[in-house]
Amino acid sequence: MATVSPAAAAAVPAGERGATRIADRVVAKIAAQAAREALRGESPQAPTSAHATVTVHRREDRRHFGEARVRIAVELGYPSDIGAQCRVVRRHVTERVTALASMEVPEVAVEVERLHSPLLEGTGRGRVR
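About the cut-offs
- Residues numbered from 1 in each chain as written.
- Predicted model: local features only at pLDDT ≥ 70, side-chain atom pairs only at ≥ 80, totals over all residues.
- Heavy atoms only, no water.
- Helix = DSSP H or I, 4+ residues; strand = E, 2+ residues; numbered from the N terminus.
- Buried < 20%, exposed > 50% of the residue type's maximum accessible area, 1.4 Å probe, protein only.
- Contact = heavy atoms within 4.5 Å.
- Polar contact = N/O pair within 3.5 Å; in protein donor to acceptor, adjacent residues only side chain to side chain.
- Pairing = 2+ DSSP bridges.

Asker: Which residues make up the environment of Val-56, and what values go with them?
Answerer: As for its position among the elements, Val-56 is in strand S1 (residues 49–57). A relative accessible area of 14% means that Val-56 is categorised as buried. The spatial distance from the C-alpha of Val-56 to the C-alpha of Glu-104 is 9.7 Å, given a sequence separation of 48 residues. With residues up to four places along the chain from it excluded, the contact list for Val-56 reads Asp-24, Glu-67, Ala-68 and Met-103.

Asker: Could you give an account of the environment of Arg-69, with specific residues and numbers?
Answerer: With respect to the element layout, Arg-69 can be found in strand S2 (residues 67–77). Sequence-wise, Arg-69 and His-57 are 12 residues apart; in three dimensions their C-alpha atoms are separated by 8.1 Å. The contact partners of Arg-69, leaving out residues within four places of it in the chain, are Thr-53, Val-54, Thr-55, His-57, Pro-106 and Glu-107. Looking at Arg-69, its side chain comes within polar contact range of the side chain of Glu-67, at 3.2 Å. A polar side-chain atom of Arg-69 sits 3.3 Å from a polar atom in the side chain of Glu-107.

Asker: Can you explain the pairing of S1? Please cite residues and give values.
Answerer: Residue alternation in S1 divides its side chains into a buried set, Ala-50, Ala-52, Val-54 and Val-56, and an unburied set, Ser-49, His-51, Thr-53, Thr-55 and His-57. In this sheet, S2 lies alongside S1 in antiparallel orientation, the contact comprising 9 bridges. Within S2, the position partnered with Val-54 by the bridge is Val-70.

As structure tokens, this is what we get:
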């Protein structure tokens, strides 16, 4: 087994030692978890479901691991302030992906996939009057 002495490791400049590459699916999992956290913070008893797709643009910049454009699909309770919930999700996803993956997040698109109404719980798929 070969060992590297500290002096030999210090001889290679930091920019040439290699880089960490974060998989797109890991960034998507971070974004989806962040969306669920944001929705739970808004209304803890409401059902929270979110999944994400991420497009990552890699750069050679060693400070950041690239740029992630995130698309989040969420399920929200209704009636509620949908716009405010989407803003909270966008802000929290941006903060968490930046903090945990060291990626810039210039765009977070939030898609409302389904609305849950307490008026429809326990009934069939009838009309709400």
